[in-house]
Each structure stands twice: as C-alpha cells, then as structure tokens.
Amino acid sequence: LQGLLRLWASDGVRDVTALLAHLQRLDRLEHEEPEAPAPHPDAVQLMTIHGSKGLEFPVVIVADLLRSGGNSSSGIRFDAEHGLALRLPRSEAPAPTWERLGELEKERDDAEAERVAYVAFTRAADLLVLSGVVKDSPAEQKRLAVFESHLPVQGVARFRVDFGGVTAPPRL
C-alpha cells in the first residue's frame, strides 16, 4: 500500500481528496494497479514484530530483546475495568488500588512480551539471533536467567560480550 501511495504521489495524488478521486476513477475503469515491488531477496528488511506476522525469513535478528517496558513514572494509573489510582507524593498511606493496577499493568506487559517473543521466534527458518542488554543488577540477572530457562539446551549457542570498558563516543 505504501508503495502505491508513493507512486500515486509522484503522479500528483497528494491529498485525501485527490486520492479519493483517483480511486473512484480506477474503480470506474476497473483498473488494477500492480503490487508494490518486493524488496530484493538479499536485502535486509527492518520491520516490527507485528509487521512480520505470517512471514518467514532465513535469518531473523531480534534486537534489544530484554528491554523492559516503558514503565511510566507518572502518578496516574488507569484501567477501564478496575478504575483510576493516583500516587500522591510524600504519602505513607497504603495504596491497594495503585498496587493492583501496577500488577495488572505488569501482567499485560508480560503477556505482550510473550506474544512478541512467539512471533519473533517463529519467523526464522534457519537462524535466529537474539540480542539484548542486561544490567549488572540482581533483578536484571534474574530476568536473563528466567528468559534463558525457556530456551532449549540443544542447538542454542550463547555468547556474552562485556562492554564494561566501552564508553560512548562524544556527541557531535
């Protein structure tokens, strides 16, 4: 679809009104546009996990696999079924709704991570490369151990690289 839109844009179809008129004209003429050209078979394709559903590739690389969700530091949590909770600054009072909504958010994040992992892992025909960064904290090491416990023992090569001495290049 994006390829067709780019093609039509180069022909002057650049807004919704022009697009609608163009589509109506094509419909009247019973014209079929060619599909957007497929990328070269040897090309690297960057796509989201969700965009790769139903596809298979010889080699799949999943980057930043163990990245945590963007847990919001906001003082507001909301769930359509369970309601709203506010975290009040400097409050020592128990906040059961706040805690429950946090647990629900973590459950949803974990379920989404499992769905994403399943899709990623089932895209590779020959080789699957998983990469991620793990901080040197007990919680991060535990996450890595739990993840690795789900990998098969046979047929999986594990490599670890310590970037402890590497510093970021200066900003330009």
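Residues numbered from 1 in each chain as written. Predicted model: local features only at pLDDT ≥ 70, side-chain atom pairs only at ≥ 80, totals over all residues. Heavy atoms only, no water.

Student: Just to check I follow, could you spell out a nonpolar patch on the surface for this structure?
Tutor: Taken together, the side chains of Ile-76, Phe-78, Leu-84, Leu-86 and Leu-88 present a nonpolar region at the surface, about 560 Å² in accessible area. Of all the elements in the fold, those that place two or more residues in the nonpolar patch are strand 2 (76-79) and strand 3 (83-86). With respect to the secondary-structure elements, Leu-86 resides in strand 3. (Patch = residues over 30% accessible without salt bridge, like charges linked within 9 Å, V, L, I, M, F, W, Y side chains within 5 Å. Areas by Shrake-Rupley, 256 points an atom, 1.4 Å probe, with all protein chains shown as cover. Salt bridge = Lys/Arg side-chain N within 4 Å of Asp/Glu carboxyl O. Helix = DSSP H or I, 4+ residues; strand = E, 2+ residues; numbered from the N terminus.)

Student: I keep staring at the nonpolar core and nothing clicks. Help me out?
Tutor: Across soluble globular proteins, you tend to see nonpolar side chains buried next to one another. Counting five residues, the largest nonpolar core consists of Phe-57, Val-60, Val-62, Ala-120 and Ala-124. For this core, the element with the highest residue contribution is strand 1 (residues 57-62), accounting for three residues. Those residues in contact with Phe-57 that sit more than four places away from it in its chain are Gln-45, Met-47, Ser-52, Arg-123, Ala-124, Ala-125 and Asp-126. (Core = buried A, V, L, I, M, F, W, Y, C linked by side-chain atoms within 4.5 Å. Buried < 20%, exposed > 50% of the residue type's maximum accessible area, 1.4 Å probe, protein only. Contact = heavy atoms within 4.5 Å.)

Student: Can you help me understand the pattern of salt bridges in this one?
Tutor: For the coordinates displayed, the defined rule picks out seven salt bridges. Ionic pairing is found between Arg-77 and Glu-105, a salt bridge with its closest N-O pair at 4.0 Å. Placement of Arg-77 in strand 2 and of Glu-105 in helix 3 (residues 96-121) is noted, with a sequence separation of 28 residues between them. A salt bridge links Glu-107 to Arg-100; its shortest N-O distance comes to 3.9 Å. The exposure class of Glu-107 is partly exposed, given its relative accessible area of 46%. For Arg-100, a relative accessible area of 35% corresponds to the partly exposed category. In this structure, a network of salt bridges that share partners links the residues Arg-100, Glu-103 and Glu-107.

Student: Help me understand the confidence of the model for the protein chain, please; the structure alone is not making it clear to me.
Tutor: Segments scoring low in pLDDT should not have their predicted coordinates read at a detailed level. Averaged over the protein chain, the pLDDT score is 79; the fraction of residues at 70 or greater is 90%. Model confidence for the protein chain, summarised as mean pLDDT per element, is weakest for helix 1 (residues 2-10) at 73 and strongest for strand 4 (residues 124-130) at 87. (pLDDT = per-residue confidence, 0-100.)

Student: Looking at this structure, I do not really get helix 3. What am I missing?
Tutor: Note that an α-helix has 3.6 residues per turn; residues three or four places apart therefore point the same way. Under the 1.5 Å per step criterion, the end-to-end length of helix 3 is 37 Å for 26 residues, consistent within 8% with the ideal 38 Å. Among the residues of helix 3, those classed as buried are Trp-98, Leu-101, Gly-102, Leu-104, Ala-117, Val-119 and Ala-120. (Expected span 1.5 Å × (residues − 1).)

Student: In this structure, what is going on with the environment of Glu-148? I would like to understand it.
Tutor: Position of Glu-148 relative to the elements: it lies in helix 4 (residues 138-149). Sequence separation between Glu-148 and Arg-158 is ten residues; the distance between their C-alpha atoms is 9.5 Å. Sequence-distant contacts of Glu-148, defined by excluding residues within four places in its chain, comprise Arg-158 and Arg-160.

Student: What's the story with the pairing of strand 2 in this structure? I'm lost.
Tutor: For a regular strand, side chains alternate in direction, first toward one face of the sheet and then toward the other. In terms of strand pairing, strand 2 meets strand 3 through four bridges, oriented antiparallel. Counterpart to Arg-77 in the pairing with strand 3 is Ala-85. Where strand 2 folds back on strand 3, the antiparallel hairpin that results is connected by three residues. (Pairing = 2+ DSSP bridges.)

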